[in-house]
Amino acid sequence: MKTAAVLFALMLFGSATATDDKRMRLIQPKGTELVLLQLARTNDLFAKYAGQVWVSGTVIGRWPGSATNLNYKEPDYLLIPDQESVAQLPHFVLNEPPYFIRYSVRTITLLNGPEALRKAVGETEARRLRERRVNHVRVTGRFLIEQYIVGVECDGPWARAILVKAELPEQVATKLLSVPEGC
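Report follows, based on the coordinates.

How each quantity is defined
- Residues numbered from 1 in each chain as written.
- Predicted model: local features only at pLDDT ≥ 70, side-chain atom pairs only at ≥ 80, totals over all residues.
- Heavy atoms only, no water.
- Core = buried A, V, L, I, M, F, W, Y, C linked by side-chain atoms within 4.5 Å.
- Buried < 20%, exposed > 50% of the residue type's maximum accessible area, 1.4 Å probe, protein only.
- Helix = DSSP H or I, 4+ residues; strand = E, 2+ residues; numbered from the N terminus.
- Contact = heavy atoms within 4.5 Å.
- Pairing = 2+ DSSP bridges.
- Salt bridge = Lys/Arg side-chain N within 4 Å of Asp/Glu carboxyl O.

One recurring pattern in soluble globular proteins is that nonpolar side chains are buried together. Membership of the largest hydrophobic core comes to 36 residues, with the highest contact counts inside it found for V59, L79, F92, I108, I145 and Y148. Per-element accounting of this core gives the leading share, 7 residues, to strand β9 (residues 136-153). For L79, the contacting residues outside a window of four places in its chain are V55, G57, T58, V59, T107, I108, L110, F143 and I145.

Rendered as structure tokens:
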């Protein structure tokens, strides 16, 4: 009798896992240089990748609120990819009729923030931000990232990576971008 109960529980668990796999899928766009290392579907839903990929967009270093807000010890270090790069990055999709939600990456948190900012905007601008002389610094260009991790939490996408290299075109004009807010 105990064996039958255990088998029944395993069947229920197995069908729930299969249903989860069908509902929330990892999308890996064709042509990506990234190689999937780990896919976790337990408490946290995320995918870890090896390899490097170029992402066009804007690197922003900013103090949440403002530089005068002393509740934060470190600024945020973010890469906001442009639409072309967003389409090339792995992400999750929820397909549970009648709902279809694409959790495309909106921002990538830079794990090597201070170093990444120095590579992107230069030592002088990075120092101005660290010393709280400005609320934010930003630069638009192409950025090589590695150790890309993408996930979904609180019904919102998140991503993290390490910035390896920055290629910045000559800045004739800059496009004002705001940081998309999420949970």
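Right, let's get into the pairing of strand β6 (residues 91-96). As judged from the 4 bridges shared by strand β1 (residues 24-27) and β6, these two strands associate in the antiparallel manner. Note that in β6 the partner of I27 across the bridge is H91. Where β6 and strand β7 (residues 99-103) come together, 5 bridges link them in antiparallel fashion. By the bridge assignment for β7, L94 is matched with I101.

A few words on the pairing of strand β2 (residues 35-41). The pairing of β2 with strand β3 (residues 45-50) spans 6 bridges and is classified as antiparallel. Across the sheet, R41 pairs through a bridge with L45, a residue of β3. In this antiparallel pair of consecutive strands, β2 and β3, the connection spans 3 residues.

The subject of this paragraph is the pattern of salt bridges. Applying the stated criterion across every chain yields a total of 8 salt bridges. Across the pair R130 and E123 runs a salt bridge, and its minimum N-O distance is 3.2 Å. Since its relative accessible area comes to 36%, R130 is described here as partly exposed. Here the salt bridges share partners, and the residues they tie into one network are R118, E123 and R130.

So far we have only geometry, and geometry alone does not tell us how the molecule works.
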